[in-house]
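Residue strings, one per chain:
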Amino acid sequence: MTITNRHTHFQQLYTQDADPWKVRQRWYEQRKRSLLMACLPLQRYRRAFEPACGNGELTAALAHRAEYVLATDLSPEAVRLTQQRIHKEHPSDASRVTVRQQIVPQDWPEDSTFDLIVISEMAYYLPEHEVVNLRDRCMASLADNGTLVLCHWRWPFADRQMDSADIHARFDGTPGMHRLMQHSEADFLLDIWSRNPSSIAQLEGLVP
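Rules of the game
- Residues numbered from 1 in each chain as written.
- Predicted model: local features only at pLDDT ≥ 70, side-chain atom pairs only at ≥ 80, totals over all residues.
- Heavy atoms only, no water.
- Helix = DSSP H or I, 4+ residues; strand = E, 2+ residues; numbered from the N terminus.
- Contact = heavy atoms within 4.5 Å.
- Core = buried A, V, L, I, M, F, W, Y, C linked by side-chain atoms within 4.5 Å.
- Buried < 20%, exposed > 50% of the residue type's maximum accessible area, 1.4 Å probe, protein only.
- Salt bridge = Lys/Arg side-chain N within 4 Å of Asp/Glu carboxyl O.
- UniProt positions renumbered as here; feature names shortened; annotations may be inferred.
- Expected span 1.5 Å × (residues − 1).
- Polar contact = N/O pair within 3.5 Å; in protein donor to acceptor, adjacent residues only side chain to side chain.
- Pairing = 2+ DSSP bridges.
- Right-handed = clockwise from strand over helix to strand, strands pointing away.

Side note on the side chain of Ser-112
Part 1: By the element assignment, Ser-112 lies in the loop between β3 (97-101) and β4 (114-120).
Part 2: Excluding its chain neighbours within four sequence positions, the residues that come into contact with Ser-112 are Arg-47 and Ser-141.

Below is the structure:
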């Protein structure tokens, strides 16, 4: 799927339905989102980046854990929906959340460092060379003790460019990165890496 086709495809999806995958309604989506948030190794983050934010359900959750969130999407309608979601339902978080239209990985935020980057349900739309570009962009923008999250649906679908396990494998073993956890189910794969190899117990001084 070319960039132009992706842009048209997702703009049509969100124009026709504000929640095309029912991420707000389905227990599967609610549970997956809660699991992702529970697996983050730090209680609070300074700066978080979420490309492909969709209609903002995960963005709203991240805003409760980060001092600042940058959320982007290639669809102008998805950007509008996320802005609406934050401003109407979480007005106290609105000043700490920026939502932009950007095509990732090409339009990566310049001169920005994040201590949390969440790549959720988007990399399988990219061809392999763009997945490699995405990985390199993440590495260049991740803070010294930063957390990188990948979460992807595992079942086949028409627009998939790469298998989710293959995508995660491209990130695993990156020099200077340590996988803190992997959660694997028939439906989705969740991986979390950090530049800091310490466990949560070690970070809190419970063990050496």
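What to know about the nonpolar core
Part 1: In terms of nonpolar packing, the biggest core is built from 30 residues, with Ile-117, Ile-119, Leu-134, Cys-138, Leu-148, Ile-167 and Phe-171 touching the most fellow members.
Part 2: Top contributing element to this core by residue count: helix α5 (residues 128-141), with four residues.
Part 3: Aside from chain neighbours lying at most four places away, what touches Ile-167 is Ala-123, Tyr-124, Val-131, Leu-150 and Met-162.
Part 4: Of all hydrophobic cores here, the second largest spans 25 residues; its members include Leu-40, Tyr-45, Leu-58 and Leu-116.

Looking at the pattern of salt bridges
Part 1: Across all of its chains, the model carries 17 salt bridges by this definition.
Part 2: For Glu-57, the salt bridge identified is with Arg-85, shortest N-O distance 2.7 Å. You can see Glu-57 sitting in helix α3 (residues 57-63) and its partner Arg-85 sitting in helix α4 (residues 76-89), a full 28 residues away along the chain. Residue Glu-57 shares its accessibility class with Arg-85, and that shared class is buried.
Part 3: When the shortest N-O distance is used, the salt bridge between Glu-89 and Arg-85 registers 2.9 Å. Taken together, the residues Glu-89 and Arg-85, both in helix α4 and four residues apart, mark about one turn of the helix.
Part 4: For Glu-89, a relative accessible area of 43% corresponds to the partly exposed category.
Part 5: Look at the salt bridges and you will find they share partners, linking Arg-24, Arg-33, Glu-57, Arg-85 and Glu-89 into a network.

Considering the UniProt feature "domain: Methyltransferase type" (unreviewed entry) in the protein chain
Part 1: Sequence positions flagged by UniProt for "domain: Methyltransferase type" (unreviewed entry) are, in local numbering, residues 52-148.
Part 2: With 36% helix and 28% strand, residues 52-148 has its two end C-alpha atoms placed 15 Å apart.

Quick word on helix α1 (residues 3-16)
Helical geometry: 3.6 residues make up each α-helical turn, so side chains three or four residues apart lie on a common side.
Part 1: For α1, which comprises 14 residues, the first-to-last C-alpha distance of 20 Å matches the rise-based estimate of 20 Å (1.5 Å per residue) to within 8%.
Part 2: Buried positions along α1 lie against α4 and α5.

Considering the side chain of Ser-75
Part 1: For Ser-75, the position within the fold is in the loop between β2 (66-73) and α4.
Part 2: In terms of polar contacts, Ser-75 uses its side chain to reach the backbone amide nitrogen of Ala-78, at 3.1 Å.
Part 3: The residues touching Ser-75, leaving out its near neighbours within four places in the chain, are Phe-10, Gln-11 and Tyr-14.

Regarding unusual backbone geometry
Part 1: Backbone torsion omega between Val-104 and Pro-105 reads 10°, so that peptide bond is classified as cis.
Part 2: The topology assignment puts Pro-105 in the loop between β3 and β4.
Part 3: If you check the backbone angles, Lys-22 has positive phi at about 55° while not being a glycine.
Part 4: As for its position among the elements, Lys-22 is in the loop between α1 and α2 (27-39).
Part 5: Overall, the relative accessible area of 23% leaves Lys-22 in the partly exposed class.
Part 6: Of note, the phi angle at Asp-111 is positive, near 55°, even though the residue is not glycine.
Part 7: Along the polypeptide, Asp-111 turns up in the loop between β3 and β4.

Examining the pairing of β4
Part 1: Here β4 lies mainly inside the structure; seven of its seven residues are buried.
Part 2: Relative to β4, strand β1 (residues 45-51) runs parallel, the two sharing two bridges. When the sheet's bridge partners are listed, Ala-48 is paired in β4 with Leu-116.
Part 3: Note that β4 and strand β5 (residues 142-153) share six bridges and pair parallel. Each bridged residue has a counterpart across the sheet, and for Phe-114 the counterpart in β5 is Leu-142.
Part 4: The β-α-β motif built from β4, the intervening α5 and the parallel element β5 has right-handed crossover chirality.

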